[in-house]
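Observations on chain architecture
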Amino acid sequence: MNDHPRRRPQARPHGTPQRKPYRKPAPDPVRKLAYDALRAVDERDAYANLVLPALLRDAERAGDFDRRDAALATELVYGTLRRQGTYDAVIASCVDRPLGEVDPPVLDVLTLGAHQLLGTRIPPHAAVSATVELARAVVGDGRSRFVNAVLRKIAADDLDGWLDRVAPPYDEDPEEHLAVVHSHPRWVVSALWDALGGGRQGIEDLLAADNERPEVTLVARPGRCAPAELAAEVGEEAEPGRWSPYALRMADGGDPAALEAVRDGRAGVQDEGSQLVALALAGAPLEGPDRLWLDGCAGPGGKAALLAALAAQRGAALVAAEKQPHRARLVARALDGNPGPYQVVTADGTRPAWREGAFDRVLVDVPCTGLGALRRRPEARWRRRPQDVPGFAPLQRELLRSALRSVRVGGVVGYATCSPHPAETRAVVDDVLARPGADITAEFLDARPTMDGVPELGDGPDVQLWPHLHGTDAMYLALLRRTA
Ligand SMILES: C[S@@+](CC[C@H](N)C(=O)[O-])C[C@H]1O[C@@H](n2cnc3c(N)ncnc32)[C@H](O)[C@@H]1O
């Protein structure tokens, strides 16, 4: 599962010449919308979490969809994308040509059908007939017969039966077995396993957690909204966060954008791992003044908004820097209404627009592969390539060096990634500590006490969160103190 079988030059359609349909196909609107979303992801590299809400809004506006339809369409799109690796292996064993030679729209229909058959409780006859009807509408009658034949083969067994056939035994090839069973590219399995260590159970739990739909987690920004006030607005489904005192989970899903506290910025949607990183930087021990903080990679502003609120409670100010102007605008929106002083600047963090040593606390939540947030971006695992990891390396090191220059002697720097890949986490920090730049020295701080009460943070001094252990994204944090 190293090379994604779908990334290929577009194959010419196969099949017999199309016959005139005996009746006009009438695909069910939910499947049609799910197919449109999958095509956008496949064809123009769209992000499912952007393209799907837009399609759902249009459908709801047109009066085609109710809440249940939207929930089913969402499950079909996200589930199909997450489990695409497994379904590709199943489909490959049902067709007599390489998957790269199946026309992409046909393959998308087949995968959508495979998900309904193997990953949902939709009765098999309904899954097949609805998908064939969709195929008639989007790829034509000729190819809908091919779709019908393949789906009938798939329907002959359940998921466990298929996995026994298409995944190699664990003992023969553990990584490939896990890649097929848990639908991750093999190189990602390998990287995550290196980062996690340990035996089969841990990595299986992690890969399984990546395939779960993450809960929506909110943050009640301190000084702007009390968690109890937010809970009252959310209603019965609100559950307290596991680790952050400001977190609230919407256990049954729900639409956070419908909440007034979210709309006016007193609260936001923020993974608890991301909240913990901001809280850890704010809580790291510091001697001397504690007046000015920097978020050096602030867009879109989740951590900056929490940091700014925490800074305000302490009489400190936050500077939030972001290189991309459109993302800097998102930061400005997230910080609007903050009770204390702050400034948003569009700036390249590797060429600071501020004087050296200006800050008491600095966070750099650097650009990374995002391998720690695969739950949220269902297509991301298929888009990333192993060479992306070294691609981020120079910028990650530059941003950390720049953060060390920006903090005063005695001040604290937090280096964070939303990836547990060792080459993006500890290797970067070790390298920079060995060569921090002219006249600068720094040392590790133990980050574990800044996440008091959170278990299984590793051997320190840095911390690694995990979806299967903490219910968070796999955020990494190292805390460093500048010593000269
Ligand atoms: C992982 S994201 C930060 C997420 C953010 N901390 C949050 O919690 O919402 C990394 C950000 O760094 C920005 N970035 C990339 N290169 C940069 C640079 N040289 N200077 C400043 N920001 C940069 C990216 O545009 C992106 O918005």
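Under an unreviewed UniProt entry, the name given to the protein is rRNA cytosine-C5-methyltransferase, and the organism recorded is Streptantibioticus parmotrematis. Per UniProt, the comment on the protein under Sequence similarities (unreviewed entry) is "Belongs to the class I-like SAM-binding methyltransferase superfamily. RsmB/NOP family."

**A look at the UniProt feature "active site" (unreviewed entry) in the protein**
In the UniProt entry, the feature "active site" (unreviewed entry) is given for Cys 418. Along the chain, the position of Cys 418 falls in the loop between strand S9 (407-417) and helix H19 (426-434). With near-sequence residues (within four places) excluded, Cys 418 lies in contact with Cys 368, Gly 370, Gly 372, Ala 373, Asp 473 and Met 475.

**Remarks on the environment of Val 95**
Within the fold, Val 95 resides in the loop between helix H4 (84-92) and helix H5 (104-119). The exposure class assigned to Val 95 is partly exposed, which follows from the 17 C-beta atoms found within 10 Å. Remark: the alpha-carbon pair of Val 95 and Lys 153, spanning 58 residues in sequence, is separated by 9.6 Å. The contacts of Val 95, once residues within four sequence positions are left out, are Val 102 and Val 150.

**Comments concerning the packing of helix H1 (residues 29-44) against helix H6 (residues 124-138)**
The geometry of H1 relative to H6 is characterised by a closest axis approach of 10 Å and an angle of 60 degrees between their N-to-C directions. With respect to H6, the axis of H1 lies oblique. Taken as a pair, H1 and H6 cross one another with a handedness that is right-handed. Touching Arg 31, Lys 32 and Tyr 35 of H1 are Ala 130, Thr 131, Leu 134, Ala 137 and Val 138, all from H6. Grouping the amino acids of the contact of H1 with H6 by side-chain chemistry returns five nonpolar, one polar and two charged.

**Considerations on helix H10 (residues 186-196)**
Because each turn of an α-helix spans 3.6 residues, side chains separated by three or four positions in sequence point in the same direction. When we look at burial in H10, the residues that qualify are Val 188, Val 189, Ala 191, Leu 192, Ala 195 and Leu 196. Where the residues of H10 are buried, they touch helix H9 (174-181), helix H11 (200-210) and helix H17 (380-383). Following H10 by one or two positions, Gly 197 has its phi on the positive side, about 70 degrees.

**A short note on the UniProt feature "binding site: S-adenosyl-L-methionine" (unreviewed entry) in the protein**
Look at the UniProt record and you will see "binding site: S-adenosyl-L-methionine" (unreviewed entry) annotated at Cys 297, Ala 298, Gly 299, Pro 300, Gly 301, Gly 302, Lys 303, Glu 322, Asp 348 and Asp 365. Secondary-structure assignment places Gly 299 in the loop between strand S5 (292-295) and helix H15 (302-313). Classification of Gly 299 by C-beta neighbours within 10 Å gives buried; the count is 24. In contact with Gly 299, not counting residues within four places along its chain, are Glu 322, Gln 324, Arg 327, Ala 328, Leu 330 and Val 331. Structurally, Lys 303 can be placed in helix H15. With sequence-adjacent residues up to four places away left out, Lys 303 is seen in contact with Ser 274, Val 277, Ala 278, Asp 295, Leu 363 and Asp 365.

Cut-off values and rules
Residues numbered from 1 in each chain as written. Predicted model: local features only at pLDDT ≥ 70, side-chain atom pairs only at ≥ 80, totals over all residues. UniProt positions renumbered as here; feature names shortened; annotations may be inferred. Helix = DSSP H or I, 4+ residues; strand = E, 2+ residues; numbered from the N terminus. Contact = placed C-beta atoms within 7 Å. Buried ≥ 20, exposed ≤ 12 C-beta atoms within 10 Å, placed from the backbone. Axes fitted to C-alpha atoms, helices over the stretch in contact; angles between N-to-C directions. Parallel < 35°, antiparallel > 145°, perpendicular 65-115°, else oblique. Left-handed = near helix turned anticlockwise from the far one by under 90°. Nonpolar A, V, L, I, M, F, W, Y, C, P; charged D, E, K, R; others polar.

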